Amino acid sequence: MAINMSVRFAKALMKIYPNYPTTEDKTNYEIFNHNEYLNGSETEKKDIRFLSSKSRYDYEKNRDYFNVYFPKFNKEEFKNKEVLEIGSYTGGSLAYWIEYYGFSKGCGIDINPTFAEAGNTFAKEKNINATFTTGFGEDLPYPDNSFDFIVSYDVFEHVRDLRIVMGEVSRVLKPGGRLLAVFPQFYQPLESHLTLVSKTPALHWIFSGQTLTDAYNEIIDERGEAAYWYKSENKKLEYWEEHQHLNGITIRKFKKIISKNQLWVTDYWGNSPILSDGKKSEMLIFKILRLLFIIPARIPLLNELFLGRICCVLTNKKN
């Protein structure tokens, strides 16, 4: 009874600020589960894959990832270097980085072969030197010392074992190569990853992962046939999940992983508070509100709540 009451309460809070995804947003991977894609002709499928890649390309072009998160970098530092993106989705971001920053070669890896197919087609269309493959960060299919840079955006919070991933990152980076990583820490209030059904913040501060998973799935079930394409297949959390699709990585845990692997040197650690990125961050109200979080984002323990994202540059000092 207590469990059912928790689920009911979680659902009620989710419904305060509901969200309904649409196929118009090609940045969501769930579009590839929609009948528009699954039942489409080969030409229609190719068009959807292209639109997905292009949406990420345009988003990155307008947003300028490196300038937002790593403003201290000089554009020339990337020229003629080889880069790997872990979590490349359909390739649009990597394509833009290669074009704009002058990387000589790019590789992208993600867990869905449809993403790799889209990325490779888009790279050919843009005439850039990039290849995309399917795999996991815990077992990167590249030789030792392959890359000058590895980039990952909003992925490390989803991997099964970040300790193993960091070992693989170190292995495939060249000596002196750098990892540019951006991802939300677990307790960041705006990153509960329930946005397919709700934008109510900080629900994972209140409820267990299984309670939120149950509430999430019940809401999707209530939406009926219209929600089939973003319905979760998993009713129970996986062994590695703290919450649905989240491994529970915190600032403290990540710094512990870095310190245990003595090959890493921290060259940069961002301190931007919540509400500092995304489209809404340019609104006056959010500019004012984030001033309240600047100091808490820099204080240990409070930063677990009020840092916008873990944002760091790590240099691999192996010989």
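Use the structure listed above.
Structure report, in brief. Every chain is numbered on its own, with residues counted from 1 as its sequence reads. Given that the model is predicted, a residue must reach a pLDDT of at least 70 before its local features are reported, and side-chain atom pairs must reach 80 or more before they are shown or counted; all residues, however, enter totals for whole chains, interfaces and linings. Each side-chain value is derived from all of the structure's non-hydrogen atoms; neither hydrogens nor water enter the calculation.

Right, let's get into the overall build of the protein chain. Numbering of helices and strands runs from the N terminus; a helix is a DSSP stretch of H or I covering at least four residues, while a strand is a stretch of E covering at least two. Counting its secondary structure elements, the protein chain contains 11 helices and 7 strands. Compactness check: the protein chain gives a C-alpha radius of gyration of 20 Å against a globular reference of 20 Å for 319 residues, within 12% of the reference. Dimensions of the protein chain, computed from C-alpha atoms along their principal axes, come out at roughly 60 × 55 × 40 Å. Buried, partly exposed and exposed residues are distinguished by accessible area as a fraction of the type maximum, computed with a 1.4 Å probe on protein chains only: under 20%, between the cut-offs, and over 50%, respectively. Here the protein chain holds 319 residues, and the buried ones make up 52% of them. Charged-residue counts in this description rest on Lys and Arg as positive and Asp and Glu as negative, His and the chain ends being excluded. The atom standing in for a charge is NZ when the residue is Lys, CZ when it is Arg, CG when it is Asp and CD when it is Glu. Here the protein chain holds 41 positive side-chain charges and 40 negative ones, and the gap between their average locations is 5 Å. Here the globule rule is a power law, 2.2 Å times the number of residues to the power 0.38, and the radius of gyration is based on C-alpha atoms.

With that out of the way, let us pick up a negative patch on the surface. Here, patches come from residues exposed beyond 30% relative accessible area and free of salt bridges, joined within 9 Å for like charges and within 5 Å for nonpolar side chains (Val, Leu, Ile, Met, Phe, Trp, Tyr). The Shrake-Rupley method, run with a 1.4 Å probe sphere, supplies the accessible areas, and residue values consider only the shown protein chains as cover. When a carboxyl oxygen of Asp or Glu lies within 4 Å of a side-chain nitrogen of Lys or Arg, that pair is called a salt bridge. Together, Glu 24, Glu 36, Glu 44 and Asp 47 make up a region of like negative charge exposed at the surface. When you line up the elements, Glu 24 lands in the loop between helix 1 (2-14) and helix 2 (35-38). You can call Glu 24 exposed: its relative accessible area is 66%.

Time to look at empty space enclosed by the protein. Site definitions follow a grid-based scheme: protein atoms alone, a 1 Å grid, a 1.4 Å probe that fits but cannot get out for cavities, and for pockets an open set with protein on both sides within 12 Å along at least five of seven lines, plus lining residues having an atom within 4 Å of a point. Grid points are joined across faces, edges and corners, and a volume is the space filled by probe spheres set on the points. Per the counting criterion, the structure on display carries 2 cavities of 30 Å³ or more. Residue classes follow a fixed rule: Ala, Val, Leu, Ile, Met, Phe, Trp, Tyr, Cys and Pro count as nonpolar, while Asp, Glu, Lys and Arg count as charged, and any other residue, Gly among them, counts as polar. Looking at the lining of the largest cavity residue by residue, the class counts come to 4 nonpolar, 4 polar and 2 charged. Of the pockets and cavities examined, the second largest cavity occupies roughly 30 Å³. Lining the second largest cavity we find Thr 23, Lys 26, Ile 31, His 34, Glu 36, Tyr 37 and Ile 48. In terms of residue class, the lining of the second largest cavity is built from 3 nonpolar, 2 polar and 2 charged.

Sheet architecture is open: 7 strands sit in the order 3-2-1-4-5-7-6, paired in mixed fashion. The sheet terminates laterally at strand 3 (130-134) and strand 6 (264-269), the two strands that pair on one side only. If you compare each strand with its neighbour and ignore which way they point, the axes differ by 20 degrees on average. With 5 bridges joining them, strand 1 (residues 82-86) and strand 2 (residues 105-110) adopt parallel strand pairing. Any two strands are treated as partners once DSSP identifies two or more bridges connecting them. Helix axes are fitted to C-alpha atoms over the stretch in contact, other axes to C-alpha atoms as well, and angles between N-to-C directions run from 0 to 180 degrees.

Before going further, it helps to examine a positive patch on the surface. A cluster of basic side chains, namely Arg 252, Lys 253, Lys 256 and Lys 260, defines a positive patch on the protein surface. The topology assignment puts Lys 256 in helix 9 (residues 251-260). The exposure class of Lys 256 is partly exposed, given its relative accessible area of 47%.

Here we come to the nonpolar core. Residues belong to a common nonpolar core when they are buried Ala, Val, Leu, Ile, Met, Phe, Trp, Tyr or Cys residues joined through side-chain atoms within 4.5 Å. The biggest cluster of nonpolar side chains holds 32 residues, and the ones touching the most others in it are Leu 84, Ile 150, Leu 162, Met 166, Leu 179 and Phe 254. Elements supplying a minimum of two residues to this core: strand 1, strand 2, strand 4 (147-153), helix 7 (162-172), strand 5 (173-183), helix 9, strand 6 and strand 7 (310-316). With 5 residues, the top contributor of residues to this core is helix 7. With sequence-adjacent residues up to four places away left out, Met 166 is seen in contact with Phe 156, Leu 179, Phe 254, Ile 257, Asn 261, Trp 264 and Leu 314. Membership of the second largest hydrophobic core comes to 29 residues, among which are Tyr 57, Tyr 65, Ile 128 and Tyr 268. Contact criterion: two residues are considered in contact whenever any of their non-hydrogen atoms come within 4.5 Å of each other.

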